[in-house]
Amino acid sequence: MGRRRLHRRPRDWCRDKLALTLQVVKRTDDAEGFVVLPRRWVAERTFAWLMHSRRLARDYETLPASSEAMIRWSMVTRMSRRLARPQTACRH
């Protein structure tokens, strides 16, 4: 079972464990230089948010479970701060 888990594709893991659809966006072979890829900014923004956590800026954790816990803690902290902000005028 453990050996089989190592060879699973990320797309399958996301579908089975998170009930999400992972879409892989690849560059075209004929593209040269910088090309904007659709929705890549979402992943880049999330990684930038995670790097605000001092503990995640370097790889101090030895166990993957510890790293996962720190990522979860960082996102919980971020979301709780966002939810605790005073409500402003409604944006439409």
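A brief structural summary. Every chain is numbered on its own, with residues counted from 1 as its sequence reads. Two thresholds apply to this predicted model, a pLDDT of at least 70 for residue-level local features and 80 or more for giving and counting side-chain atom pairs, whereas whole-chain, interface and lining totals are computed over all residues. Side-chain measures here rest on the full set of heavy atoms in the structure, leaving out hydrogens and waters.

## Quick word on the packing of helix α3 (residues 40-50) against helix α4 (residues 64-84)
Part 1 of the argument: Taken N-terminus to C-terminus, the directions of α3 and α4 make an angle of 95°; their axes are 10 Å apart at the nearest point. Taken together, the axes of α3 and α4 are roughly perpendicular relative to one another. The segment α3 lies against α4, with Thr46, Trp49 and Leu50 engaging Ile71, Ser74, Met75, Arg78 and Arg82.
Part 2 of the argument: Just so you know the grouping, Ala, Val, Leu, Ile, Met, Phe, Trp, Tyr, Cys and Pro go in nonpolar, Asp, Glu, Lys and Arg go in charged, and all remaining residues, Gly too, go in polar. Along the lines of polarity and charge, the residues of the contact of α3 with α4 split into 4 nonpolar, 2 polar and 2 charged. In this analysis an axis means a line fitted to C-alpha atoms, helices contributing only their contacting stretch, and an angle means the value between N-to-C directions, from 0 to 180 degrees. A run of H or I in DSSP becomes a helix once it reaches four residues, and a run of E becomes a strand once it reaches two; helices and strands are each numbered from the N terminus. Oblique is the label for any angle not covered by the other classes, which are roughly parallel (under 35 degrees), roughly antiparallel (over 145) and roughly perpendicular (65 to 115). Here a residue-residue contact requires only that any non-hydrogen atoms of the pair lie within 4.5 Å.

## With respect to the layout of surface pockets
Part 1 of the argument: Buriedness of a pocket was judged along seven lines, with at least five required to meet protein on both sides within 12 Å; pockets are open sets of points on a 1 Å grid over the protein atoms alone, cavities are sets where a 1.4 Å probe fits but cannot get out, and lining residues have an atom within 4 Å of a point. Grid points are joined across faces, edges and corners, and a volume is the space filled by probe spheres set on the points. What the largest pocket holds in volume is close to 400 Å³.
Part 2 of the argument: Looking at the largest pocket, it is lined by 13 residues, and the ones nearest its centre are Leu18, Thr46, Phe47, Leu50 and Ile71.
Part 3 of the argument: At the level of secondary structure, the elements contributing two or more residues to the lining of the largest pocket comprise α2 (10-18), α3 and α4.
Part 4 of the argument: Element by element, the count of residues in the lining of the largest pocket is highest for α3, at 6 residues.
Part 5 of the argument: Of the residues in the lining of the largest pocket, the class split is 8 nonpolar, 1 polar and 4 charged.
Part 6 of the argument: Reported here for the second largest pocket is a volume of approximately 330 Å³.

## Structural notes on the pattern of salt bridges
Part 1 of the argument: What makes a salt bridge here is a side-chain nitrogen of Lys or Arg within 4 Å of a carboxyl oxygen of Asp or Glu, nothing more. Tallied over the entire structure, the rule returns 3 salt bridges.
Part 2 of the argument: A salt bridge links Asp12 to Arg15, with the nearest nitrogen and oxygen atoms 3.3 Å apart. Residue Asp12 and its partner Arg15 are located together in helix α2, separated by 3 residues, close to a single helical turn.
Part 3 of the argument: Asp12 gets classed as partly exposed once you look at its relative accessible area, which sits at 23%.
Part 4 of the argument: For Asp16, the salt bridge identified is with Arg15, shortest N-O distance 3.3 Å.
Part 5 of the argument: The buried label applies to any residue whose accessible area, calculated with a 1.4 Å probe on protein chains only, is under 20% of its type's maximum; exposed applies above 50%, and partly exposed to all values in between. Looking at Asp16, the relative accessible area reads 46%, which means it is partly exposed.
Part 6 of the argument: It is possible to trace a salt-bridge network through shared partners that takes in Asp12, Arg15 and Asp16.

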